Amino acid sequence: MSAALDKVTAPDTEEGVAEAVRAALAAREPLAVEGRGTKRAMLRPVQAARTLSTRALTGITLYRPTELVISARAGTPVAEIEAALAEKNQMLIAEPPDLRALFGAEEGATLGGVVGANLSGPRRITGGAMRDHVLGIRAVSGEGEVFRSGGRVLKNVTGLDLCKLLTGAYGTLGVLTEVTLKVQPAGEATGTLAVRVPDLAEGIAVLSAALSSPFGVSGAALLPEGHAPLGLDGPVALVRIEDFAESVTYRLGRLRAALSCFGEVSMLEGAPSRAAWRAVRDAVPLGAAPEGAVWRISVAPSRAPGVCAALREAFPARLLLDWGGGLVWVSGPATAEAHAAVMAAAAVAGGTFTLFRAPEALSAAVAVLPEEPAPLAAIGGRVKSVLDPAGILNPGRMRAGA
Amino acid sequence: MGPALSRVALADGEAQGHFDPMIRLPPPKPEILARRDGILADLGRLLPEDAVIGEAIRLRPYETDGLSAYRQMPLAVTLPRTTEEVAAVLRYCHANGIRVVPRGAGTSLSGGALPLEDAVVIGLMRMNRILEVNYDDRFAVVEAGVTNIGITKAVEGDGFFYAPDPSSQLACMIGGNVMMNSGGAHCLKYGVTANNLLGLTFVTIEGEVVRIGGQHLDAAGYDWLGLITGSEGQLGMVTEVTVRILRSPEGARAMLAAFSSVEVAGQAVDAIIGAGVIPVALEFMDKPCIHACEAFAHAGYPLDAEAVLIIEVEGSLAEQDMLLNRIKEICDRFEPISMKLAESAEQSLAIWKGRKGAFGAVGRISPDYLCMDGTIPTGELPHVLKRIGEMSAHYGLGVANVFHAGDGNLHPLIMFDANDAESFRKAEAFGADILRLCVEVGGCLTGEHGVGVEKRDLMVAQFTPRELALQRAVKSAFDPGWLLNPAKVFPLEGNEALAA
Ligand SMILES: Cc1cc2nc3c(=O)[nH]c(=O)nc-3n(C[C@H](O)[C@H](O)[C@H](O)COP(=O)(O)OP(=O)(O)OC[C@H]3O[C@@H](n4cnc5c(N)ncnc54)[C@H](O)[C@@H]3O)c2cc1C
Ligand SMILES: Cc1cc2nc3c(=O)[nH]c(=O)nc-3n(C[C@H](O)[C@H](O)[C@H](O)COP(=O)(O)OP(=O)(O)OC[C@H]3O[C@@H](n4cnc5c(N)ncnc54)[C@H](O)[C@@H]3O)c2cc1C
């Protein structure tokens, strides 16, 4: 999808976004919806003559540290939001990834992009996903109408929660113009235990033991290939604690004692610990080849070793496990055979898959997400026609012909 | 909620009873009422004999829920034991254009489970089995009729718990929790129901059974799990729920801090959170509430205080000490009247005793009360409490305020006398004024009890007509004939789907 530059509209007001959608509707012209377009290679290519970008719709509109809420326009760079939060020792709870380094890109993500794609990082295992922290949205429907859902308070069950519906809808149900998120204090200190394990099953057992402890683990990853820059030989299980300094010291000590029966345990504190988790968050240890494909598989953690074994059998898969083993990052050749193996492994394990990145030749030819059961697919079609009756927002982004 | 209160919810056009009806229900479908015997017979063929109720005396327990001010006898009640039976009833009702009202334990405080005259109630209390507990992957699969406490009871022997803990947890069921997206005293740290779910078995109004989510964290595609959670029975029925279970903390301890003004207590809350401390619970009580609780529980609450904070922390003993001391140092800056740090589990219980009994305590000083449930930005608390005080004087009705101070969820308890129609009318008007105020200051109508019938007509204060139309259209995408729990959540006004 290479939209010519003059075909990109980037309004700097919400009303401008609404007008652009209404114009597209009047002309019956589909729109590719994006922030900075950095995730174009994700899921399926959109066939649209015009692009509507929210990149010019920027700025933090409300930040109340003591109320744990921040609101910003959709085009605000995530980095800007993280910097504002860091000034008050707070953070985005879901720890969304910044995948620039891996993909050699220059620009960083926008808020609308990470919410539109519901991208969460390592803290998702105990802190919740991006979608768990979206308190409110403003958006423009496919009819060019502005609507709101949720609000700016932490607890709200008023009406149907359209925030959940639009989070992770990849711009197919509306153009997000403003998002309000719940935030949290950043832990005063952080430390990581690295446990050398003989194989993946043993690594999952380490993570399960850590997550079943009362010590408030906030990250649980397994690096089958290790991570040389941090001096970690694979396979290695990583367990993170973030909290007040006294607590981190105490809990790392208790956990270390509890996990030492699994293998040699070493400790990373402060900067090296942060570096390790930044790498996991951004899928750096996956070492994906630029021309290859990248998948994410979501399964019950105990099913992950089976998934990994099946994939390694099918193709030279590179792997990275996060969320206690519940998230399997996979990279491999961008072929229909490899994709079929991913689909089969996810299905056998009762989980889901996403073809996260692939050359168009592959992503346009296969199902990038699992099929939905027929009754849900029918409901999905009706929901789409409620919010985008003419089907002009990101047609084909998630599924062919939808 | 006073048991003495009985008020009939009347359908449009029906003769009025003793009181003016405060809540309108859509006109019943005459052809359905006329076919009642045939419908009961059909249901009797679909389900085991003991699963269908038609006699008035056995229908009576289902005529109301936690909002007992409103009562309405249903057409029939069914008590299925399996997902297939639920699907069969829904399929039949859908084919015959019969409305259904799903029901868990019936503890809804917003009238969410209030029947309709022409509706079949589908009660899930017999689906009460724990199907699977998995500690390796930290989830439990339970049927929708398992009580909230039942989940924790099933796993606590192994050191685990299910986090959301509504005060009604002994009675309310996980299916009801999912549909109301219920919270609890500990949701500041652990989140509400929506944040603790992995999957559902969902039955559409057509009677199709679909599995949503599973044992994994991320859905691929639209977030149906998120949309269905908190949808108040508008989109379909839930028969099985996969919840996350968590390892219990090493221990927990509470403290109490009393302040000379509401403003100062609010500033102390801000300072605690501003310092990066997120306690597991952070509860606020105002003076009328403190007095009611103290008279009831003799918990040792200071009666000269204008506001009391109950704060709970978790961790090892040393961690509890560390956190409580940090919080104490912060509170010290706001010249508290008194502070009490629990030194044992017993002392923690004593501190909590008054708060946990708050509703009962208010029930002792007033024959009846309405429990409201708005959310406000926490910074607005002093202003909101001042305005509530003014309203209380205006209506001549007492009010006691409990507040989940960390997340802004306010529960004013409005005291009235149910034997006095005028008093009830005033209490409802007072409650509506409070909720409008919550919206006005940037909050919302309901933080955890749901819209139900109670706040249905106030939805226009929070949403534009177009926004409401959009939400209604999303419901229609699931339930085109508006057979599922109609007359709840959305104002009747302007709703073509329910027009006679
Ligand atoms: C496979 C892959 C490839 C990547 N390639 C690059 C790259 O080439 N360059 C780079 O800088 N980073 C890249 N990244 C890193 C990462 O994706 C970005 O840092 C960031 O997350 C994308 O944010 P964005 O605002 O650009 O999102 P976008 O790509 O613009 O949007 C992502 C999705 O959200 C939707 N969306 C965006 N804005 C809105 C809105 N306002 N309302 C509704 N929906 C909206 C879009 O329609 C799209 O479906 C890549 C990541 C991955 C996983
Ligand atoms: C004393 C008291 C204290 C309370 N404290 C709290 C509290 O601290 N926090 C809080 O959040 N709430 C609280 N509540 C409110 C109430 O307990 C919750 O809303 C609870 O989740 C309702 O569960 P239930 O099983 O009683 O559901 P019901 O009241 O039976 O039903 C609730 C709604 O869900 C629908 N429904 C129920 N089951 C299903 C199903 N399986 N499929 C589809 N729809 C269904 C019903 O139609 C109805 O709309 C309290 C109530 C009382 C009486």
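Residues numbered from 1 in each chain as written. Chains lettered and ligands numbered in written order. Predicted model: local features only at pLDDT ≥ 70, side-chain atom pairs only at ≥ 80, totals over all residues. Heavy atoms only, no water.

For chain A, an unreviewed UniProt entry supplies the name FAD-binding protein and the organism Sabulicella glaciei.

S.K.: Please explain the overall build of chain A as it appears in this structure.
M.R.: Along its length, chain A carries 13 helices and 17 strands. Computed over C-alpha atoms, the radius of gyration of chain A comes to 21 Å, within 12% of the 21 Å expected from 2.2 N^0.38 for 402 residues, which places it in the range of a compact globule. Taking all 402 residues of chain A together, 61% fall into the buried category. Here the contacts in chain A between residues at least 6 apart in sequence split such that 72% fall between residues at least 24 apart. Carbon and sulfur atoms form 53% of the exposed surface of chain A, whose accessible area is close to 13800 Å². Charge centroids of chain A, computed over 39 positive and 39 negative side chains, lie 3 Å from each other. (Helix = DSSP H or I, 4+ residues; strand = E, 2+ residues; numbered from the N terminus. Rg over C-alpha atoms; globule rule 2.2 N^0.38 Å. Buried < 20%, exposed > 50% of the residue type's maximum accessible area, 1.4 Å probe, protein only. Contact = heavy atoms within 4.5 Å. Areas by Shrake-Rupley, 256 points an atom, 1.4 Å probe, with all protein chains shown as cover. Lys, Arg positive; Asp, Glu negative; His and termini not counted. Charge placed at Lys NZ, Arg CZ, Asp CG, Glu CD.)

S.K.: What is the right way to look at unusual backbone geometry in this model?
M.R.: For residues that are not glycine, phi is negative in most cases, and the peptide bond is trans in most cases. With an omega of -15°, the peptide bond running from G234 of chain A to P235 of chain A counts as cis. Looking at the secondary structure, you find P235 of chain A in the loop between β11 (219–223) and β12 (236–243). Despite not being glycine, H298 of chain B shows a phi value in the positive range, around 45°. By the secondary structure assignment, H298 of chain B is in the loop between α10 (287–297) and β16 (307–314). Accessibility expressed as a relative area gives 61% for H298 of chain B, which makes it exposed. The phi torsion at V489 of chain B lies on the positive side, around 70°, for a residue other than glycine. Note on placement: V489 of chain B falls in the segment after α17 (465–478).

S.K.: Sorry if this is basic, but what is going on with the domain arrangement of chain A here?
M.R.: In many analyses, interface size is given as the accessible surface area lost on bringing the parts together. Residues and elements named next belong to chain A. The domain architecture assigned to chain A consists of domain 1 (1–186 + 371–402), domain 2 (189–281) and domain 3 (284–363). Each of domain 1 and domain 2 was reduced to a C-alpha centroid, and the two centroids are 33 Å apart. On the side of domain 2, 10 residues touch domain 1, which itself brings 11 residues to the contact. Here domain 1 meets domain 2 over a buried area of about 730 Å², counting both sides, of which 55% is carbon and sulfur. Three residues stand out in domain 1 for area buried against domain 2, namely P122, R123 and I125, and they jointly supply 51% of the buried area on that side. Between the two partners, domain 1 and domain 2, sit 2 salt bridges. A salt bridge links E95 to R240; the shortest N-O distance between them is 2.9 Å. Along the lines of polarity and charge, the residues of the side of domain 1 that touches domain 2 split into 5 nonpolar, 2 polar and 4 charged. (Domains from an automatic or database assignment. Buried area = accessible area lost by both parts, 1.4 Å probe. Salt bridge = Lys/Arg side-chain N within 4 Å of Asp/Glu carboxyl O. Nonpolar A, V, L, I, M, F, W, Y, C, P; charged D, E, K, R; others polar.)

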